[in-house]
Amino acid sequence: MTHISNLKASAALAGILLPLAFGGVAWAQDAVNLRMTTWSANEAHMALFNGIAEEFKKTHPNVTVTFEPLPFDNYTTTLTTQIAGGNAPDLAWIFETSAIDFVSSGALVPLTERFNAVEGYNLADVTESATALWRRDGELFAYPFSTSPFAMFANTDLITAAGAKTPSELIAAGEWTWENALASAKAVADAGKDGIVIRDFNYQNWQNLTAYFRAWGADAWSADGKTCGFNTPEMVEAMTVFHNAVFKDGSLPGPGENVDFFTGDAAMTVTQISRASLLPKEDPFNWELVPLPAGPVGTYSVVGQAGVGVLSSGKNVDTAVEFLAFFTNAENSAKLASFFPPARASLLNTVTLASTNPLLTPEQIENVVINGISTGNVVAGHTNYAQIQQTVRAGLDALWVADADVAAVLDNVCTSVSPLLMR
Amino acid sequence: MSASASPNSKRPFWTIARRDAAAGYIFIAPQLLGTIIFVLIPLGLVFYYSLHEWNVLANTFTFVGDANYQLLLRDPNLPQVLWASAVFSAGLVVLNMSLALLLAVLMDQKLKGIVVFRTLFFSPVVVSLVAWTIVWSFLLQVNGGINGLLSMIGVEGPNWLRQPGTAMISVVVVQVFKNVGLNMILFLAALQGAPKELYEAARVDGAPAFKQFRRITLPMISPTILLTSIITIVGSLQVFAQIAILTKGGPGVSTTVLVYYLYQQAFQFNFFGYGSTLSILLFLIVAVLTFIQWQMRKRIVFYEN
């Protein structure tokens, strides 16, 4: 009797649980949670991304996209650790400097065929120059969602108060050079504030100095990546001027000083236009956005790029590709253009960019963004970039003291890094 | 023949001895399982990884035998890294232990409000390590709080975290202030456990305070000194967050200690196999140092139970 009772009870329990279990399985199969890592936690950026994800949900009700900001300083390290730990995101932003490692390793899903299969997706509209870094053997592995030229933001209140010339005044006089920019910065520093901040450099991320030393025609390494460029005469000259600006003139904040242009503490900053969102809304100051000052090689432009790729080790590759195609279609690229200059030729015009960048004047968009993108070269990357970055950082540390022998330090940098470049 | 050996006698399986043994095993099971899952298995895995080359991005995992150990022997950075680790450990152990002992002796006094002082000195131990280090990174900046205080007395402070001569000292001092309270409390407990009659007898014999300290206090607390020295040395070899936050191993590689170096190799450069090999090296160093200290107890530890 007891045995029969137990059997009945078990059958009843199974009758209740099994449909629930199958229902649960069916629900679990349908629901897709996509994760995309970013290095921006900016509220305005997140609001824009979440808005696009909500639009995607209208046609894909089972898909939820979560944007996961990782710390900027350790972004690539955190991302690769997630991959190593079997917790890879589905999509990830990728720095231009890491592009070679990601594109050549097979870590990213090929996109060309899949994008072309999406109805209405015009991949031909994305410029060849913008995608060069993200292609291998003609195949696209990441979408260059931001092609952002480095430019100079200036706090004209501080510069005028110090009795110096503003960048626009120097441009009007045909004198917008690094020499004069540093002179204006020195005047502001002498008046008690700070001069020029190379944003995110912090005397650690030396690659951000690319926007400075290319004015002298210098670069970290040769175009083929094999030869160190730190001990070239151009680099020695560029770094000597930089060193004097830090340790003699005080026109750049020194190592260990935390100065933020966007809080109104510095005359100028070299950064990308996506940082315009950091300009203060409360207690604002008068500012202008201008191209980088000219150097010994004349006018020049440096472009920073970020790509978005689908990780092949992610759990939802097909859905992630679908989302990336949606995220970067013409309509959403136009929305993203409010912060991230687009790679689509059809959007790279004053009308589109002015409508999405209300803070910038059409003149600023034309001079800084469009001209910058069309003439700019991307910051140099390399295979095993993290190791090279760290080796150069360690070598350059000897430069950031007042009595450094610039040429000797730069020679030592090349001695350390050359074997890594040759690999 | 005894009754228990009789073939006809039926001995119950759950004897008192077996029940006690089972209870003992059940009591240690959680710790034992934890040790197996979180210590022994990862240790075995790290050794396994050290025999492989693991490219995370390319998703390849190749057996390379002792190649990573060969690399260890000819790594040009390793001597500097080991030297930085040794300097950090020596500085930390000497400063931490001597300051902790001094504080413990001071805190052993019967003064009004002494509990408040003990709490104050112990409080950094319970503060989050990362938060503590970030606060110190601001204090040690060239225009930070420490140099601000120095400027009030007319001294221009150095760029603490950016100069080779001061970066390591800064990291050591930050770590000493963080953990000296723990050793202080352990020393204080040991001091208060020392029999008061010995001191009374010494005072009657006219022994000065320093002699009392050397002949009575130090021998009485020697087991605690051994324990704290082992904990401090092992802890010093595992320092990571302070380096990552304060100096990132710089300037140059002057503060790149072994754990930070293996983090760089494994997680920044994606050489997980070589990073695992470095962690095996760290394990061996810690094991050997602990063994040596344990052996030395016969010479330096008195009154060991």
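Residues numbered from 1 in each chain as written. Chains lettered and ligands numbered in written order. Predicted model: local features only at pLDDT ≥ 70, side-chain atom pairs only at ≥ 80, totals over all residues. Heavy atoms only, no water.

**Description of the overall build of chain B**
Then, in step 1: The number of helices and strands found in chain B is 13 helices and two strands.
Then, in step 2: When the backbone C-alpha atoms are referred to their principal axes, chain B occupies close to 95 × 75 × 30 Å.
Then, in step 3: Every one of the 305 residues in chain B was classed for burial, and the buried ones make up 38%.
Then, in step 4: Nonlocal contacts in chain B, meaning residues at least 24 apart in sequence, comprise 65% of its contacts between residues at least 6 apart.
Then, in step 5: Surface accessibility of chain B: about 17,700 Å² in total, with carbon and sulfur atoms responsible for 70%.
Then, in step 6: The centroid of the 19 positive side-chain charges in chain B is displaced by 7 Å from the centroid of its 10 negative side-chain charges. (Helix = DSSP H or I, 4+ residues; strand = E, 2+ residues; numbered from the N terminus. Buried < 20%, exposed > 50% of the residue type's maximum accessible area, 1.4 Å probe, protein only. Contact = heavy atoms within 4.5 Å. Areas by Shrake-Rupley, 256 points an atom, 1.4 Å probe, with all protein chains shown as cover. Lys, Arg positive; Asp, Glu negative; His and termini not counted. Charge placed at Lys NZ, Arg CZ, Asp CG, Glu CD.)

**Let's talk about the pattern of salt bridges**
All names here are of chain A.
Then, in step 1: Under the definition given, this model contains eleven salt bridges over all chains.
Then, in step 2: Of the charged contacts in the structure, one is a salt bridge between glutamate 55 and lysine 58, with a shortest N-O distance of 2.9 Å. In this pair, glutamate 55 and lysine 58 both sit in helix α2 (residues 43–59), three residues apart, roughly one turn of the helix.
Then, in step 3: Lysine 58 gets classed as exposed once you look at its relative accessible area, which sits at 63%.
Then, in step 4: Here glutamate 175 ties to lysine 165 by a salt bridge, and the two come within 3.6 Å at their closest N and O atoms. With glutamate 175 in the loop between α8 (167–172) and α9 (178–190) and lysine 165 in the loop between α7 (156–161) and α8, this residue pair connects regions lying ten residues apart in the sequence.
Then, in step 5: Look at glutamate 175 and you get partly exposed, because its relative accessible area is 32%. (Salt bridge = Lys/Arg side-chain N within 4 Å of Asp/Glu carboxyl O.)

**What to know about the packing of helix α5 (residues 129–139) of chain B against helix α6 (residues 145–152) of chain B**
Residues and elements named next belong to chain B.
Then, in step 1: Orientation of α5 relative to α6, taken along the N-to-C sense of each, is 40°, at an axis distance of 5 Å. It follows that α5 is oblique to α6 by the angle criterion. Contacts between α5 and α6 pair Trp136, Phe138 and Leu139 from the former with Gly145, Ile146 and Asn147 from the latter.
Then, in step 2: Of the residues that constitute the contact of α5 with α6, the class distribution is four nonpolar, two polar and no charged. (Axes fitted to C-alpha atoms, helices over the stretch in contact; angles between N-to-C directions. Parallel < 35°, antiparallel > 145°, perpendicular 65-115°, else oblique. Nonpolar A, V, L, I, M, F, W, Y, C, P; charged D, E, K, R; others polar.)

**Concerning the environment of glycine 298 of chain A**
All names here are of chain A.
Then, in step 1: For glycine 298, the position within the fold is in the loop between β9 (287–290) and β10 (302–310).
Then, in step 2: The exposure class assigned to glycine 298 is partly exposed, which follows from its relative accessible area of 23%.
Then, in step 3: Spatially, the C-alpha atoms of glycine 298 and threonine 177 are 8.5 Å apart, while their sequence positions differ by 121 residues.

**What to know about the nonpolar core**
Note on soluble globular proteins: their nonpolar side chains tend to be buried together.
Then, in step 1: Judged by nonpolar contacts, the single largest core of 61 residues is most densely connected at Phe67, Leu91, Trp93, Phe102, Phe115, Val310 and Phe323 of chain A.
Then, in step 2: No other element matches helix α12 (residues 317–327) of chain A, which puts seven residues into this core.
Then, in step 3: The residues contacting phenylalanine 102 of chain A, other than those within four sequence positions of it, are Thr76, Leu79, Thr80, Ile83, Ile94, Ala107, Leu108 and Leu311 of chain A together with Leu57 of chain B. (Core = buried A, V, L, I, M, F, W, Y, C linked by side-chain atoms within 4.5 Å.)

**Comments concerning the interface of chain B and chain A**
Buried accessible area, meaning the area lost when the parts come together, often serves as the stated size of an interface.
Then, in step 1: Between chain B and chain A, the contact holds 25 residues from the first and 27 residues from the second.
Then, in step 2: Between chain B and chain A, roughly 2,100 Å² of surface is buried when both sides are summed, and carbon and sulfur atoms account for 54% of that area.
Then, in step 3: Taken together, the connections running from chain B to chain A amount to zero salt bridges.
Then, in step 4: The biggest single contributor to the side of chain B that touches chain A is helix α12 (residues 258–268) of chain B, with four residues. (Buried area = accessible area lost by both parts, 1.4 Å probe.)

**Things to note about the environment of alanine 404 of chain A**
Residue and element names in this part refer to chain A.
Then, in step 1: Looking at the secondary structure, you find alanine 404 in the loop between α16 (385–396) and α17 (406–422).
Then, in step 2: Along the chain, alanine 404 and histidine 243 lie 161 residues apart, while their C-alpha atoms are 8.6 Å from each other.
Then, in step 3: The residues contacting alanine 404, other than those within four sequence positions of it, are His243, Ala398 and Leu399.

**Regarding the side chain of threonine 80 of chain A**
Then, in step 1: Structurally, threonine 80 of chain A is set in helix α3 (residues 75–84).
Then, in step 2: What makes threonine 80 of chain A buried here is its relative accessible area of 2%.
Then, in step 3: Leave out the neighbours within four places in its chain, and threonine 80 of chain A touches Phe102 of chain A together with Val56, Leu57, Phe267 and Asn270 of chain B.

**Focus: unusual backbone geometry**
Then, in step 1: In this chain, glycine 250 of chain B is followed by proline 251 of chain B through a cis amide linkage whose omega measures -5°.
Then, in step 2: As for its placement among the helices and strands, proline 251 of chain B is situated in the loop between α11 (241–246) and α12.
Then, in step 3: In this structure, asparagine 202 of chain A takes a positive phi of about 50° despite not being glycine.
Then, in step 4: Looking at the secondary structure, you find asparagine 202 of chain A in the loop between β7 (194–198) and α10 (210–213).

**Digging into the confidence of the model for chain B**
Caution is warranted with low-pLDDT regions, since their predicted coordinates should not be read in detail.
All names here are of chain B.
Then, in step 1: On average, residues of chain B carry a pLDDT of 90, and 96% of them reach 70 or more.
Then, in step 2: Low pLDDT, under 50, characterises residues 1–5; the stretch is placed with three contacts to residues that sit more than four places away or in other chains.
Then, in step 3: For this predicted complex, the interface confidence reaches an ipTM of 0.83, while the overall pTM sits at 0.86. (pLDDT = per-residue confidence, 0-100.)

**Notes on the side chain of asparagine 147 of chain B**
Residues and elements named next belong to chain B.
Then, in step 1: Turning to its location among the elements, asparagine 147 is positioned in helix α6.
Then, in step 2: A relative accessible area of 6% means that asparagine 147 is categorised as buried.
Then, in step 3: Here the side chain of asparagine 147 touches valine 142 through a polar contact of 3.0 Å, landing on its backbone oxygen.
Then, in step 4: A distance of 2.8 Å separates a polar atom in the side chain of asparagine 147 from a polar atom in the side chain of tryptophan 160.
Then, in step 5: Aside from chain neighbours lying at most four places away, what touches asparagine 147 is Leu139, Gln141, Val142, Gly157, Pro158 and Trp160. (Polar contact = N/O pair within 3.5 Å; in protein donor to acceptor, adjacent residues only side chain to side chain.)

**Observations concerning the pairing of strand β8 (residues 266–272) of chain A**
Residue and element names in this part refer to chain A.
Then, in step 1: β8 sits mainly inside the fold: seven of its seven residues count as buried.
Then, in step 2: Pairing of strand β6 (residues 143–155) with β8 involves five bridges; the strand directions are antiparallel. In the strand pairing of β8, methionine 152 is matched with valine 270.
Then, in step 3: Across four bridges, β7 lies against β8 in parallel orientation. Bridge pairing links isoleucine 196 to methionine 268 in β8. (Pairing = 2+ DSSP bridges.)

**Some words on the packing of helix α4 (residues 114–126) of chain B against helix α7 (residues 164–193) of chain B**
For any two helices packed against each other, one specifies the inter-axial angle together with the distance between the axes.
Residues and elements named next belong to chain B.
Then, in step 1: Running from amino to carboxyl end, α4 crosses α7 at an angle of 130°, the nearest separation of the two axes being 6 Å. Taken as axis vectors, α4 and α7 run oblique relative to one another. The interaxial crossing formed by α4 with α7 has left-handed handedness. Counting all contacts with α4, which are made through Arg118, Phe121, Phe122, Pro124 and Val125, the residues of α7 involved are Phe177, Lys178, Asn179, Gly181, Leu182, Met184, Ile185, Leu188 and Gln192. (Left-handed = near helix turned anticlockwise from the far one by under 90°.)

**Here's the deal with the packing of aromatic side chains**
Then, in step 1: All chains considered together, the criterion is met by 50 aromatic pairs over all chains.
Then, in step 2: Both rings, one in phenylalanine 153 of chain A and one in phenylalanine 261 of chain A, keep their centres 6.4 Å apart while their planes meet at 45°; by these two values the pair is tilted. Here the residue phenylalanine 153 of chain A occupies a position in strand β6, and phenylalanine 261 of chain A occupies one in the loop between α11 (233–249) and β8, the gap between them amounting to 108 residues. With respect to class, phenylalanine 153 of chain A is no different from phenylalanine 261 of chain A; both count as buried.
Then, in step 3: Pairing tryptophan 132 of chain B with tryptophan 136 of chain B gives two aromatic rings, centres 6.1 Å apart and planes at 50°, and the pair type is tilted. Here tryptophan 132 of chain B and its partner tryptophan 136 of chain B are both found in helix α5, four residues apart, which amounts to about one turn of the helix.
Then, in step 4: Taking the relative accessible area as the measure of exposure, tryptophan 132 of chain B reaches 15% and is therefore buried.
Then, in step 5: Directly above the ring of tyrosine 121 of chain A sits arginine 344 of chain A, whose terminal nitrogen or CZ lies 5.1 Å from the centroid. (Phe/Tyr/Trp six-rings, centres within 6.5 Å; stacked < 30°, edge-to-face > 60°. Lys NZ or Arg CZ within 6 Å of the ring centre and 35° of its normal.)

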